[in-house]
Amino acid sequence: EQAVLWAYRHQMQRWLVDRAGVIVIDDTGFAKKGRHSVGVARQYSGTLGKTDNCQVAVSLHYCAPDGDYPLALRLYLPESWTSQPERMQAVRVPLAYQTARTKEQIALELLDQVRAEGLRHQAVIADAGYGLSVEFRRGLEERGEVYVVGVTGQEAVFVEPPTWRVAEDTRRGRPPTRHYVADDTPPPQTVKHFAT
């Protein structure tokens, strides 16, 4: 199927690729009644707007001024699946996908795949489901991606690099190792909308 997807993406690029294009990363949920569909579990689905029995897939979508199209999709396997190798083997989950991965890791793997195919784009966009993940944002930065991600409004941003200190040793119990922001660091600002 990878050869077919490669051909599809290259055909779509011929018609719609644009320097102003963006890659949108999101989840897609599929409601299910049984327990046998690969990856099905009680989990949150944005499509359903609640936690329910469903499959969830990580999706990449390309949006440009002249049109948009789906880029890639991969099922997320929750811990209830990845902790049971015999269950995955019974339904023939390919060995390469049987390792536990977060949605953020899957998204970055899919992004690497379309980047390797030379897809031109100016930015990556994702909602707070991905934007809250430090691992995901760091992965985008390591790839040199310009990005816009949603946040919840609970985040704080230091306008100057903070000074970190270890708490003073009170000589009771173990010596302290946890770092705290020093009192002389300018206070952080609350993020209200998006982080880039």
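Residues numbered from 1 in each chain as written. Predicted model: local features only at pLDDT ≥ 70, side-chain atom pairs only at ≥ 80, totals over all residues. Heavy atoms only, no water.

**Student:** Just to check I follow, could you spell out the overall build of the protein chain for this structure?
**Tutor:** Along the backbone of the protein chain there are six helices and 11 strands. Considering only C-alpha atoms, the protein chain reaches an extent of 65 × 45 × 30 Å along its principal axes. When burial is assessed residue by residue, the protein chain has 33% of its 196 residues classed as buried. For the protein chain, the exposed area adds up to about 12,500 Å²; of that, 53% sits on carbon and sulfur atoms. In the protein chain, 24 positive and 24 negative side-chain charges are present, and the distance between their average locations comes to 6 Å. (Helix = DSSP H or I, 4+ residues; strand = E, 2+ residues; numbered from the N terminus. Buried < 20%, exposed > 50% of the residue type's maximum accessible area, 1.4 Å probe, protein only. Areas by Shrake-Rupley, 256 points an atom, 1.4 Å probe, with all protein chains shown as cover. Lys, Arg positive; Asp, Glu negative; His and termini not counted. Charge placed at Lys NZ, Arg CZ, Asp CG, Glu CD.)

**Student:** Before we go on, may I ask you to explain the layout of surface pockets in this structure?
**Tutor:** It is the rolling of a water-molecule-sized probe over the atoms that shows where space remains empty. Considering only enclosed or pocket space, the largest pocket measures out at about 490 Å³ in volume. Lining the largest pocket are 23 residues, and of these Glu-1, Leu-73, Arg-74, Leu-75 and Tyr-97 lie nearest its centre. Where the lining of the largest pocket is concerned, the elements lending two or more residues are α1 (2-16), β3 (50-64), β4 (67-75) and α4 (103-116). Of the voids in this model, the second largest pocket is the one considered here, and its volume is about 200 Å³. As for the second largest pocket, its lining consists of 14 residues, and the residues nearest its centre are Asp-26, Asp-27, Tyr-44, Gly-46 and Asp-127. (1 Å grid on protein atoms, 1.4 Å probe; cavity = no way out; pocket = protein on both sides within 12 Å on 5 of 7 lines; lining within 4 Å. Points joined across faces, edges and corners; volume = space filled by probe spheres on them.)

**Student:** Which parts of the structure should I look at to understand the packing of aromatic side chains?
**Tutor:** Any pair of aromatic rings gets described here by the distance separating the centres and the angle formed by the planes. With the rule as written, the count across this model stands at three aromatic pairs. On the numbers, 5.4 Å between centres and 45° between planes, the contact of Tyr-62 with Tyr-69 is tilted. Just as Tyr-62 is buried, Tyr-69 falls in that class too. Note on Tyr-130 and Phe-136: the rings are 5.4 Å apart at their centroids and 55° apart in plane angle, and the pair reads as tilted. Assessed through its relative accessible area of 1%, Tyr-130 is described here as buried. Here the aromatic cluster, defined as three or more aromatic residues joined through ring pairs, consists of Tyr-8, Tyr-62 and Tyr-69. (Phe/Tyr/Trp six-rings, centres within 6.5 Å; stacked < 30°, edge-to-face > 60°.)

**Student:** What is the right way to read the nonpolar core from this model?
**Tutor:** Buried together is how nonpolar side chains tend to be arranged in soluble globular proteins. Counting residues in each nonpolar core, the largest one holds 26 residues, and the members touching the most others are Ile-23, Ile-25, Leu-60, Leu-71, Leu-111 and Phe-136. Of all the elements, α4 adds the most residues to this core, at six residues. Not counting the four nearest positions on each side in its chain, Ile-25 is found in contact with Ser-59, Leu-60, Ala-107, Val-124, Ile-125, Ala-126, Asp-127, Tyr-130 and Phe-136. Core analysis: the second largest hydrophobic core is formed by five residues, Val-40, Leu-77, Met-88 and Val-93 among them. (Core = buried A, V, L, I, M, F, W, Y, C linked by side-chain atoms within 4.5 Å. Contact = heavy atoms within 4.5 Å.)

**Student:** Please clarify how the pairing of β4 should be interpreted in this entry.
**Tutor:** It is a general feature of regular strands that their side chains alternate between the two faces of the sheet. Pairing of β3 with β4, which is carried by eight bridges, proceeds in the antiparallel orientation. Across the sheet, Leu-60 pairs through a bridge with Ala-72, a residue of β4. In this structure, the hairpin formed by β3 and β4 is closed by a connection of two residues. (Pairing = 2+ DSSP bridges.)

**Student:** Could you clarify how one ought to interpret the pattern of salt bridges in this entry?
**Tutor:** Two side chains with opposite charge may pair up if their charged atoms get near one another. Under the criterion given, the structure shown has nine salt bridges. A salt bridge links Lys-50 to Asp-52; the nearest nitrogen and oxygen atoms lie 3.7 Å apart. Note that Arg-115 is salt-bridged to Glu-145, the shortest N-O span being 2.7 Å. With Arg-115 in helix α4 and Glu-145 in the loop between α6 (134-142) and β6 (147-150), this residue pair connects regions lying 30 residues apart in the sequence. Of the residues examined, Arg-115 reaches a relative accessible area of 32% and is grouped as partly exposed. (Salt bridge = Lys/Arg side-chain N within 4 Å of Asp/Glu carboxyl O.)

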